[in-house]
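# Close look at the chain arrangement
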Amino acid sequence: MITKKPLELYLHIPFCVRKCHYCDFPSSPTTPKEQRAYVEDLCHLIREQKTSKTHALSTIFVGGGTPSLLTAQEISSIFAAIRETFEVVRSGEITIEVNPGTVSKELLACYQELGINRLSIGLQSTNDDELKTLGRIHTYQDFLETYESCKEAGFKNVNVDLMFGIPGQTVSSWERSLRQIAELDPQHISAYSLIVEEGTKFSLMEQKGELILPSEDVEREMYKLTKNLLLEYGFHRYEISNYAKAGYECRHNLGYWQRKEYLGLGYQAASLIDETRFTTGGEPVVLSVKEQMEETMFLGLRMSCGVDKEAFFKKYGCTLDSVYGKVLEEFAQKELLINGNEKVYLTEKGLDLSNYVMSEFLLEDE
Ligand code: SF4
């Protein structure tokens, strides 16, 4: 029997009810007809994947956009295509992103039938004024109803996305959002800081001087508060912005940070297979060993468990210390990272300054 290699599958659903003011993800409003055509194309694309002969799916992530805008029939046809084409490993993690106000009890029952075992709910804030500022389509009450329905439908692995650094947000309103959600006892919380991306409504407002963001000091306070408060409720930080109850870390995202192979299908979705990166319809780029090592460090150091030295040696045939000795020593002295016998990982201080630390892991051209 041939043992298939593990593969993570990401499916992109680029539809949303309307565009949030901060969003630069590939997503936009659509018509039912366009949506149906997109799903048909996606099913076709799934069925023609040759990787199904060599790989079995260890995780599936249906992201967007707002995948919960797909009808039960549409999502069922996507899963039919997946299961006809790929072997899906037993106990594989299967996630779908849902937005409050877009998911009915019938749809949740359909997800259960399809074997979806993890939900990721985009909330961002429990404060309705902040939700309005962000241009979200829902209220906190809508979220509570969705959350309750998810639990009633039997989902036992639920993530809630939250955001800090929202215009008008104070430390105490961020604390309230965190506490209200932690008390609902989900298994996972993602807490991202708002980044003003080019091409978004917020970026235009910023150019006109109309966007008043919390100061850097306030944002740093929010960031620090997040970890301590969530720890109180039993969530540990396993990545810069991700917190989980033990055993509920998102396996799909861990795979990205550990540079496991993934296949992305759908509009602008990216893949990494055989050290080649490609997007749907784009030119493949074969990564050099130098680029692979750099990625191993940037991505690995995002995780609190850091980069495994033995895995590095097995992959590249040289020790991590022989490649990065100088920078490791310098940062260990500055207490930004721990260079242990088995692993290299960032300290709290290093995680706080992660952008600066990561930039030092770029290698010189040979
Ligand atoms: S719901 Fe998500 S993907 Fe859609 S516009 Fe808002 S932030 Fe972007």
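Residues numbered from 1 in each chain as written. Predicted model: local features only at pLDDT ≥ 70, side-chain atom pairs only at ≥ 80, totals over all residues. Heavy atoms only, no water.

For the chain, an unreviewed UniProt entry supplies the name Heme chaperone HemW and the organism Ohessyouella blattaphilus. Among the UniProt annotations of the chain, the heading Function (unreviewed entry) holds the following wording: "Probably acts as a heme chaperone, transferring heme to an unknown acceptor. Binds one molecule of heme per monomer, possibly covalently. Binds 1 [4Fe-4S] cluster. The cluster is coordinated with 3 cysteines and an exchangeable S-adenosyl-L-methionine." (UniProt positions renumbered as here; feature names shortened; annotations may be inferred.)

### Digging into the overall build of the chain
The helix and strand inventory of the chain stands at 14 helices and 15 strands. At 21 Å, the chain has a C-alpha radius of gyration in line with the 21 Å of a compact globule built from 366 residues. If you line up the chain on its principal axes, its C-alpha atoms span 55 × 55 × 40 Å. For the chain, buried positions account for 51% of its 366 residues. Residue pairs in contact within the chain that sit at least 24 positions apart in sequence constitute 70% of those at least 6 positions apart. Element-wise, carbon and sulfur atoms account for 52% of the exposed surface of the chain, whose accessible area totals about 18,100 Å². For the chain, the centre of its 39 positive side-chain charges and the centre of its 55 negative side-chain charges are spaced 4 Å apart. (Helix = DSSP H or I, 4+ residues; strand = E, 2+ residues; numbered from the N terminus. Rg over C-alpha atoms; globule rule 2.2 N^0.38 Å. Buried < 20%, exposed > 50% of the residue type's maximum accessible area, 1.4 Å probe, protein only. Contact = heavy atoms within 4.5 Å. Areas by Shrake-Rupley, 256 points an atom, 1.4 Å probe, with all protein chains shown as cover. Lys, Arg positive; Asp, Glu negative; His and termini not counted. Charge placed at Lys NZ, Arg CZ, Asp CG, Glu CD.)

### What about the sheet that holds strand S13 (residues 307-308)?
Pairing in this open sheet of three strands is antiparallel, and the strands run S13-S15-S14 from one edge to the other. For this open sheet the edge positions go to S13 and strand S14 (337-339), each flanked by a neighbour on one side alone. As paired elements, S13 and strand S15 (residues 343-346) share two bridges and run antiparallel to each other. If you follow aspartate 308 over to S15, its bridge partner there is lysine 343. Relative to S14, helix H12 (residues 320-333) is tilted by about 135°, and along the sheet it contacts S13, S14 and S15. (Pairing = 2+ DSSP bridges. Axes fitted to C-alpha atoms, helices over the stretch in contact; angles between N-to-C directions.)

### Quick look at the pattern of salt bridges
Under the criterion given, the structure shown has 21 salt bridges. Between lysine 5 and glutamate 261 there is a salt bridge whose closest N-O contact spans 3.5 Å. Taken together, the residues lysine 5 in strand S1 (residues 5-13) and glutamate 261 in the loop between helix H9 (251-257) and strand S9 (262-265) connect sequence positions 256 residues apart. A salt bridge links arginine 259 to glutamate 295; the shortest N-O distance between them is 2.8 Å. (Salt bridge = Lys/Arg side-chain N within 4 Å of Asp/Glu carboxyl O.)

### Overview of the site of the ligand
Taken together, Cys16, Arg18, Lys19, Cys20, Tyr22, Cys23, Phe25, Ser27, Gly65, Thr66, Asn99 and Arg136 are the residues near the ligand. Considered class by class, the residues forming the shell around the ligand number five nonpolar, four polar and three charged. (Near = heavy atom within 4 Å. Nonpolar A, V, L, I, M, F, W, Y, C, P; charged D, E, K, R; others polar.)

### Notes on the domain arrangement of the chain
When cut into domains, the chain gives domain 1 (5-255) and domain 2 (289-366). A C-alpha centroid distance of 29 Å is found between domain 1 and domain 2. Between domain 1 and domain 2, the residue contacts involve eight residues of the former and eight residues of the latter. Between domain 1 and domain 2 lies a buried interface of about 750 Å² when both sides are counted; carbon and sulfur atoms form 47% of it. A per-residue breakdown of the area domain 1 buries against domain 2 is headed by Arg237, Glu239 and Ile240, which together make up 54% of the total. Applying the counting criterion to the domain 1 and domain 2 interface returns three salt bridges. Between arginine 237 and glutamate 348 there is a salt bridge, with its nearest N and O atoms 3.3 Å apart. (Domains from an automatic or database assignment. Buried area = accessible area lost by both parts, 1.4 Å probe.)

### Some remarks on the packing of aromatic side chains
Within this structure, the stated rule accounts for eleven aromatic pairs. Ring-pair connections join several aromatic residues into one group, and the members of that group are Tyr324, Phe331, Tyr356 and Phe361. Looking at lysine 245, its charged tip hangs above the ring of phenylalanine 235, at a distance of 4.5 Å from the centre. (Phe/Tyr/Trp six-rings, centres within 6.5 Å; stacked < 30°, edge-to-face > 60°. Lys NZ or Arg CZ within 6 Å of the ring centre and 35° of its normal.)

### Remarks on the nonpolar core
Formed by 78 residues in total, the largest nonpolar core has its most connected members in Ile78, Tyr111 and Phe361. Split by domain, the residues of this core number at least three in each of domain 1 (5-255) and domain 2 (289-366). Formed by nine residues, the second largest nonpolar core is a distinct cluster that contains Cys20, Cys23, Met163 and Leu211. (Core = buried A, V, L, I, M, F, W, Y, C linked by side-chain atoms within 4.5 Å.)

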